[in-house]
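# Structure at a glance
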Amino acid sequence: MQIALSVKNVTKRFGDFVAVDDVSLSVEDGKFFSILGPSGCGKTTLLRMIAGFYEQSGGTIELRGQDMTDVEPNKRPVNLVFQNLALFPMMNVYENIAFGLRRRGEKSPAIAKKVNGLLERVGLPGAGKKTIDQLSGGQRQRIAIARCLVLDPTVLLLDEPLGALDAKLREHMKVELKKLQAQVGTTFVYITHDQSEAMVMSDAVAVMNAGRFEQIGTPQELYHNPASSFVAQFVGNNNKLRAVMHKDERGGFFARYGNGMDFKVDGAFDLSGGDAYDLFVRPESLVINPVEAKQELNVMPAAVKAILFDGGNSRLLVTPDGFADELVVALPQTKQFDHIRAGDRVRIGWDASKSVCFKRADWKIYDDE
Amino acid sequence: MRKRSSFSKAVFIGTIVFLSLPLLVLVLYSFNESKSGSWTGFSLRWYVKLFTDSPQLWRAFGNSVIVALSSALVATMIGTLGAVAVNWYKFRLRKYLRTITFLPMILPEIIIGVSLLVFFSGIGLKLSLFTVFVAHVSFNLPFVFLLVLARLEEFDFSIIEAARDLGASETQTLLKVILPISMPGIISGFLTAVTLSLEDFVITFFVTGPGATTLPLYVYSAIRFGVSPVINALSVVMILGTVALTWSTRNFLKYIAAK
Ligand SMILES: Nc1ncnc2c1ncn2[C@@H]1O[C@H](COP(=O)(O)OP(=O)(O)OP(=O)(O)O)[C@@H](O)[C@H]1O
Ligand SMILES: [Mg+2]
């Protein structure tokens, strides 16, 4: 597989402020790559460097192996779907899509063929004569994407293109975008702060925080094997337990929670005794009234606070005895737990191998929320 | 409630009468047979005289038109490019530049007139129609600049970047994106400049030279020897012209906005 985009040790400083800090990534041809991170972490800055609107302070950006450092934005084989779309208000839909082709000096019949083909592809055949303000939010979205795709870029960059849409339309467009990408086969680099968008659409995701990449991997890898506390918390839902790591007499480790309760831990983590750790357990790893009495199971009695019914995504809010924190527990809709009511007492447990833990560092976001 | 609305109606009618009565009198007297203040009968003789026997007036009118069109054109070109540059290159002095361009708009005209006169004589430029043209360009410039800038600022800067991203060079971006979107601002800037230039008296008075009389200057000097009914006739023609121009530009701007 050819590498479409390769970013090597790229840094961007604005004065003293480091917006993008030594970031590297490479995307194979035809892949859907996402950069996921909270607001202000430097996603747009990184994308603008790839598109050529900012010059990087250090590092190199290559497209199909060619260094882009001295290449003007209009000469780069990438196109950017802007965060606010940036459609040309004085042109109709057809002219918007034809703009790039005209700049290349293509002939009118060829332009018409390509533009109409793309309008069909994005599900808006015959919309060419419409003006921009006659379009709905979702339609504008598609025109902004069509305007770039018609140029057949090596990489299509998308800056939170679904951010302005309402929740329902966003769900729909997620699927549409993924299908479109599979159809046209163009390499997509997609940035978002919505982890579910990134997970659903991407072949690979880079999780970004405060200008750095915390981890790059498939959605499954990020979900099951987060590389940092930040990733564990940002990707998917997680319960966080603050604990202090202790060494037992046989050299193994266990985590002691604030109330003196000990949890078994299991896994290849960088552990050291006496340090503060965050222990993460996913809601679906928590089992209600576990039957098997396995050695590796952490089991504790708890009171049910509330039942959060949401179909297949239903949850139980519980407080284990002596806990300050509430835990979110997946509630399978298999009729097995239908008898549970708020105020009931249950036992909950998790397999020690299903939890992950990270030494508590002073990372900024999501602490003490 | 009712009383108030009839009160506001009265104020409205009063204002209209107050504003248009002098105009009505003017129109009426332009058709007066006699030269003096009393009405002696209907006649078109002043119109005939205006169109057939007023060479100086038409020369002044010609000067005014030349100065108005040329100064408006130059001011529009410079002002537009200036606004584009200020909007495009977001340099730090931008804020101050705006304030500086506001200055000529709020300064009394007499100060501008005097300073231009001092400037011209300082660099040894002989007063002529050319100095009038230069002066008009200078006081028209801020209007065009601000009108175009205001229009440009309605749009997000990202459409300029989008044009670059889609393969447009800087020149193509200017011609295909920036100028089309600023066109309403450019046109209203140009028309404002033409109007301001046509009617300017004070500044022109200071910087004009021999043989470079504009229409307002001519009218003023003619009136000093008593109101000539020819001037009344000219005023009526100009009122009609202004109304026609305003009406057609309004429709034109509407047409552009709808496009
Ligand atoms: N031109 C600039 N000059 C100075 N600082 C900047 C500039 N552009 C961005 N920054 C800073 O860099 C940081 C990252 O900004 P960026 O726009 O890349 O964030 P983002 O991840 O895209 O956020 P969002 O999700 O809100 O769009 C921010 O703290 C921002 O204030
Ligand atoms: Mg952004």
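Given the structure is predicted, the values throughout are model-derived calculations rather than measurements.

Turning to the environment of B:Val86, a few remarks are in order. Looking at the secondary structure, you find B:Val86 in helix H3 (residues 55–88). On the basis of relative accessibility, which here comes to 3%, the residue B:Val86 falls in the buried class.

Turning to the packing of helix H4 (residues 137–149) of chain A against helix H5 (residues 167–184) of chain A, a few remarks are in order. Residue and element names in this part refer to chain A. At their nearest, the axes of H4 and H5 sit 12 Å apart, and the two run at 20° to each other. Between H4 and H5, the interaxial angle falls into the category roughly parallel. Handedness of the crossing formed by H4 with H5: right-handed. Across the interface between the two elements, Gly138, Gln141, Arg142, Ile145 and Leu149 of H4 pack against Leu169, Met173, Leu177, Leu180 and Val184 of H5.

We now examine the domain arrangement of chain A. Residues and elements named next belong to chain A. When the domains of chain A are assigned, the result is domain 1 (3–232) and domain 2 (237–359). For domain 1 and domain 2, the distance between their C-alpha centres works out to 39 Å. Taken together, the contact between domain 1 and domain 2 spans 7 residues of the former and 7 residues of the latter. Summing the contributions of domain 1 and of domain 2, the shared interface buries around 630 Å²; its carbon and sulfur component is 48%. Of all residues in domain 1, Tyr223, Ser229 and Ala232 bury the most surface against domain 2, accounting for 74% of the area lost on that side. Linking domain 1 with domain 2 are 0 salt bridges. Counting the contacts that link domain 1 with domain 2 gives 3 residue pairs in polar contact (both at pLDDT 80 or more). At the level of elements, helix H7 (219–224) and helix H8 (229–234) are the ones that each hand at least two residues to the side of domain 1 that touches domain 2.

Here we come to the interface of chain A and chain B. Across the contact, 23 residues belong to chain A and 18 residues belong to chain B. Between chain A and chain B the total buried area reaches about 1,700 Å² when both faces are included, carbon and sulfur atoms providing 61% of it. Among the residues chain A hides against chain B, the three largest losses belong to A:Asn74, A:Met90 and A:Arg103. Together they make up 33% of the total. On the surface where chain A and chain B come into contact, there are 2 salt bridges. A salt bridge links B:Arg164 to A:Glu72; the shortest N-O distance between them is 2.7 Å.

What follows deals with the environment of B:Phe42. Here B:Phe42 shows up in the loop between helix H1 (2–30) and helix H2 (45–52). Here the alpha-carbon distance between B:Phe42 and B:Ala68, two residues 26 residues apart in the chain, equals 35 Å.

Working definition: the strands of a sheet are paired by backbone hydrogen bonds and lie parallel or antiparallel to each other. All names here are of chain A. Taking strand neighbours across the sheet as the criterion, the 4 strands line up as E2-E1-E4-E5 in an open arrangement whose pairing is antiparallel. Of all strands in the sheet, those with a lone pairing partner are strand E2 (17–28) and strand E5 (66–67), marking the two edges. Of the strands in this sheet, strand E1 (3–14), E2 and strand E4 (58–63) are in contact with helix H1 (residues 43–51), which crosses E1 at around 120°.

With that out of the way, let us pick up the site of ligand 1. Residues and elements named next belong to chain A. In the vicinity of ligand 1, 13 residues are found, and the nearest of them are Ser39, Gly40, Lys43, Thr44 and Thr45. Between ligand 1 and the protein, one listed contact pairs an oxygen atom with a backbone N or O atom of glycine 42 at 3.0 Å. Here ligand 1 loses 63% of its free accessible area of 630 Å² to cover by the protein chains. Only E2 and H1 provide two or more residues apiece to the shell around ligand 1. Residues that form the shell around ligand 1 fall into these classes: 5 nonpolar, 6 polar and 2 charged.

To continue, consider the packing of aromatic side chains. All names here are of chain A. Enumeration according to the criterion identifies 20 aromatic pairs over all chains in this entry. Judged by centre distance (6.2 Å) and plane angle (50°), the ring pair of phenylalanine 53 and phenylalanine 82 falls under tilted. On the criterion of sequence distance, the pair formed by phenylalanine 53 in the loop between H1 and E4 and phenylalanine 82 in the loop between strand E6 (78–81) and helix H2 (93–103) is long-range, its members being 29 residues apart. Overall, the relative accessible area of 17% leaves phenylalanine 53 in the buried class. Judged by its relative accessible area of 5%, phenylalanine 82 is buried. Among the aromatic residues, those joined into a cluster by ring pairs are Tyr257, Phe263, Phe323 and Trp350. Sitting over the face of the ring of phenylalanine 99, arginine 103 holds its NZ or CZ atom 4.6 Å from the ring centroid. Directly above the aromatic system of tyrosine 223 lies the positively charged group of arginine 282, at a separation of 3.8 Å from the ring centroid.

This part covers the layout of surface pockets. Residues and elements named next belong to chain B. If you add up the space inside the second largest pocket, you get close to 630 Å³. In this structure, the second largest pocket is lined by 22 residues; those nearest its centre are Thr195, Leu198, Met238, Thr242 and Leu245. At the level of elements, H3, helix H8 (170–199), helix H10 (215–224) and helix H11 (229–258) are the ones that each hand at least two residues to the lining of the second largest pocket. Looking at which element gives the most residues to the lining of the second largest pocket, the answer is H11, with 9 residues. In the lining of the second largest pocket, the residues fall into 15 nonpolar, 6 polar and 1 charged.

Our focus in this paragraph is the sheet that holds E6(A). Residue and element names in this part refer to chain A. Taken in spatial order, the 6 strands of this open sheet run E6-E7-E8-E3-E9-E10, and their pairing is mixed. The outermost strands of the open sheet, each flanked by one partner alone, are E6 and strand E10 (212–217). Each neighbouring strand pair of the sheet contributes to a mean axis angle of 20°, computed without reference to strand direction. With 5 bridges joining them, strand E9 (residues 204–209) and E10 adopt antiparallel strand pairing. Bridge pairing in E10 places asparagine 209 opposite arginine 212. H1 rests against strand E3 (32–36), E6, strand E7 (155–159), strand E8 (187–192), E9 and E10 of the sheet, and its axis sits at about 150° to E7. The sheet contacts of H5 involve E3, E7 and E8, and relative to E8 the element is tilted by about 160°.

Let us look at the nonpolar core. Counting 97 residues, the largest nonpolar core has A:Leu5, A:Leu25, A:Ile35, A:Leu46, A:Phe88, A:Leu157 and A:Val189 as the members making the most contacts within it. Ignoring sequence-local partners within four residues, the contact set of A:Leu46 consists of A:Val20, A:Val23, A:Leu25, A:Ile35 and A:Phe213.

It is worth spelling out the pairing of E7(A) at this point. Residues and elements named next belong to chain A. With respect to burial, E7 is a largely interior element, 5 of its 5 residues being buried. In this sheet, E7 lies alongside E6 in parallel orientation, the contact comprising 4 bridges. Among the inter-strand pairings, leucine 80 is bridged to a residue of E7, identified as leucine 157. The pairing of E7 with E8 spans 5 bridges and is parallel. Within E8, the residue paired with leucine 158 across the bridge is tyrosine 190. At this point the chain moves from E7, through H5, to the parallel E8, and the crossover so formed is right-handed.

Quick notes on the rules
Residues numbered from 1 in each chain as written. Chains lettered and ligands numbered in written order. Predicted model: local features only at pLDDT ≥ 70, side-chain atom pairs only at ≥ 80, totals over all residues. Heavy atoms only, no water. Helix = DSSP H or I, 4+ residues; strand = E, 2+ residues; numbered from the N terminus. Buried < 20%, exposed > 50% of the residue type's maximum accessible area, 1.4 Å probe, protein only. Axes fitted to C-alpha atoms, helices over the stretch in contact; angles between N-to-C directions. Parallel < 35°, antiparallel > 145°, perpendicular 65-115°, else oblique. Left-handed = near helix turned anticlockwise from the far one by under 90°. Contact = heavy atoms within 4.5 Å. Domains from an automatic or database assignment. Buried area = accessible area lost by both parts, 1.4 Å probe. Salt bridge = Lys/Arg side-chain N within 4 Å of Asp/Glu carboxyl O. Polar contact = N/O pair within 3.5 Å; in protein donor to acceptor, adjacent residues only side chain to side chain. Pairing = 2+ DSSP bridges. Near = heavy atom within 4 Å. Areas by Shrake-Rupley, 256 points an atom, 1.4 Å probe, with all protein chains shown as cover. Nonpolar A, V, L, I, M, F, W, Y, C, P; charged D, E, K, R; others polar. Phe/Tyr/Trp six-rings, centres within 6.5 Å; stacked < 30°, edge-to-face > 60°. Lys NZ or Arg CZ within 6 Å of the ring centre and 35° of its normal. 1 Å grid on protein atoms, 1.4 Å probe; cavity = no way out; pocket = protein on both sides within 12 Å on 5 of 7 lines; lining within 4 Å. Points joined across faces, edges and corners; volume = space filled by probe spheres on them. Core = buried A, V, L, I, M, F, W, Y, C linked by side-chain atoms within 4.5 Å. Right-handed = clockwise from strand over helix to strand, strands pointing away.

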